[in-house]
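Overview (structure and organization)
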Number of protein chains: 2
Amino acid sequence: MKLIADNLRITKLDIQNAFKEQDPKPVQDLVKRCVAKGTWAIDVNTGPLGKLPEEGMAFFIRAVESVTDLPLLIDTSNPVAMRAGLEAANNRAIINGFSLEPRKLKEILPLAREFDVDIVGFLLYPDSRVPRDAAQRFEITLSLFEKAAAAGVAKERIIIDPVVPPLAWEDGIVQARAVLHVIHTLPDLMGFDVQTIAGVSNLTTGAGDIVKKALVEQNYVAMLASAGLSYALLDILNEQVVAAARTADILSRESLFSWGMVP
Amino acid sequence: MKLIADNLRITKLDIQNAFKEQDPKPVQDLVKRCVAKGTWAIDVNTGPLGKLPEEGMAFFIRAVESVTDLPLLIDTSNPVAMRAGLEAANNRAIINGFSLEPRKLKEILPLAREFDVDIVGFLLYPDSRVPRDAAQRFEITLSLFEKAAAAGVAKERIIIDPVVPPLAWEDGIVQARAVLHVIHTLPDLMGFDVQTIAGVSNLTTGAGDIVKKALVEQNYVAMLASAGLSYALLDILNEQVVAAARTADILSRESLFSWGMVP
């Protein structure tokens, strides 16, 4: 299980201000801290980037690449910004991501073939509704792979994101269990080693108590690792959750163990 | 997932001394501490109890029952001590346990029927060797259920213990994964809701660093809960591991969630 920092988001005020003032330093400082914590990649969550998607995306890619050569997940729903990111990136890029939404199928999915990169596929309905159980998620997975094949994108390029629900939802736990089941079952269902990604902190969206949040996230990340998750998107600066993720990963790989491996 | 204290063991020096001096106080004090932490039951690990198994077992049962009416797991390999424990116990008793070892099949398994109690069944070969993979564990499970049926013990009475390995073993991680797989798969394989138990602290046997031990145990207990474990045998006084176990249990039950449930 590779860990990906979800820390760089335009919804954070200091990142928003850095963007407005075209000052790369706050972005660079944040990315440096994530790199120091051993993140495998940086999710660059720019949002749709409004009226200047190309210049906006180029600012973020330049700022991040000035301090790291780690892979970047380009995280925007705007196809114009996505293309700009893929063109600007010198580091390995991953598209984050597409879904059955018609515009994304038409304008984002083909970029995976054009730029020969991996692409995250969200298990959501075309209208962005969240499926209600594992069976619906399997159906959507099959549709995503069909659409990808039709667009000339190899199945090995797809990284399935089953969309971790907030526990605060009425049936949040049921959906969180369904996500684990889907991750565990997809390789058998599809007959190959399907790549999967999950956003761990989605689970605790809206929660107040940070001690409880960390406890819940560290347990769920262990379950995700045990289910065979490929990529965990998380707050790489949360030491408790990251230590749990790394330890769970050691326990989930059937390799030699030594106590020196435990963080 | 119910939590069972593994704290009362005759291998601990203070408990050994209490036994030698027939002083119930150290036993009572320890049990009170476990009860205060919300344990579901007490594992009474007396060992074989040498030359006076009946008096020895009676001492422990009396001492424990003087301070709690929680269920007791009677944890001895000596059939004479086991019978004495079942006769002495007023609290609900569970036999811990039997295996395919001929003496246990002959002298311990029938006690489950005679006393109408649940019994732990270890996934071990008749010579107490540990199986090497999940398939061997499934074969042993089938044999245990056959032997139980032949002894007139209902399958619902059997609590399967897949025997958590120390990670320090050469293939410890592989075996620890096999244990999770077995717990996850047994209900489907057997066609009913098989009860399972696992000793969490076995995993870290021999490890020195208590911070790393706790980190490993808290992750593994989350994986056990996620796999559907019925009973976790653990150090109920280890707050970090217990908080993880309780949180993992909340995340594993498909029930309503509220942040107030998280410890």
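Keep in mind the model is a prediction, meaning the values are calculated, not measured.

Glancing now at the sheet that holds strand β1 (residues 2-5) of chain A. Residue and element names in this part refer to chain A. Strands sit in the order β1-β2-β3-β4-β5-β6-β7-β8 around a closed barrel of 8 strands; the barrel is parallel. Direction aside, neighbouring strands of the sheet carry axes that sit 25° apart on average. As paired elements, strand β6 (residues 158-161) and strand β7 (residues 195-199) share 2 bridges and run parallel to each other. Within β7, the residue paired with Ile-160 across the bridge is Thr-196.

Looking now at the side chain of B:Ser201. Residues and elements named next belong to chain B. Looking at where Ser-201 falls in the secondary structure, it is placed in the loop between β7 (195-199) and α9 (210-227). Using a relative accessible area of 17% as the deciding quantity, one classes Ser-201 as buried. If near-sequence neighbours (up to four positions away) are discounted, Ser-201 is found in contact with Asp-6, Arg-9, Glu-217 and Leu-233.

By a widespread convention, an interface's size corresponds to the accessible area lost as its parts come together. Across the contact, 35 residues belong to chain A and 35 residues belong to chain B. Buried area between chain A and chain B, summed over both chains or domains, comes out near 3,300 Å², and the portion from carbon and sulfur atoms is 68%. On the chain A side of the interface with chain B, the three residues burying the most area are A:Ile173, A:Leu251 and A:Trp259, jointly 23% of the side's total. Counting across the chain A and chain B interface gives 0 salt bridges. Along the contact surface separating chain A from chain B lie 10 residue pairs in polar contact (both at pLDDT 80 or more). Secondary-structure elements contributing two or more residues to the side of chain A that touches chain B are α8 (172-190), α9 (210-227) and α10 (239-252) of chain A. No other element matches the 10 residues that α9(A) contributes to the side of chain A that touches chain B.

The rules behind each value
Residues numbered from 1 in each chain as written. Chains lettered and ligands numbered in written order. Predicted model: local features only at pLDDT ≥ 70, side-chain atom pairs only at ≥ 80, totals over all residues. Heavy atoms only, no water. Pairing = 2+ DSSP bridges. Helix = DSSP H or I, 4+ residues; strand = E, 2+ residues; numbered from the N terminus. Axes fitted to C-alpha atoms, helices over the stretch in contact; angles between N-to-C directions. Buried < 20%, exposed > 50% of the residue type's maximum accessible area, 1.4 Å probe, protein only. Contact = heavy atoms within 4.5 Å. Buried area = accessible area lost by both parts, 1.4 Å probe. Salt bridge = Lys/Arg side-chain N within 4 Å of Asp/Glu carboxyl O. Polar contact = N/O pair within 3.5 Å; in protein donor to acceptor, adjacent residues only side chain to side chain.

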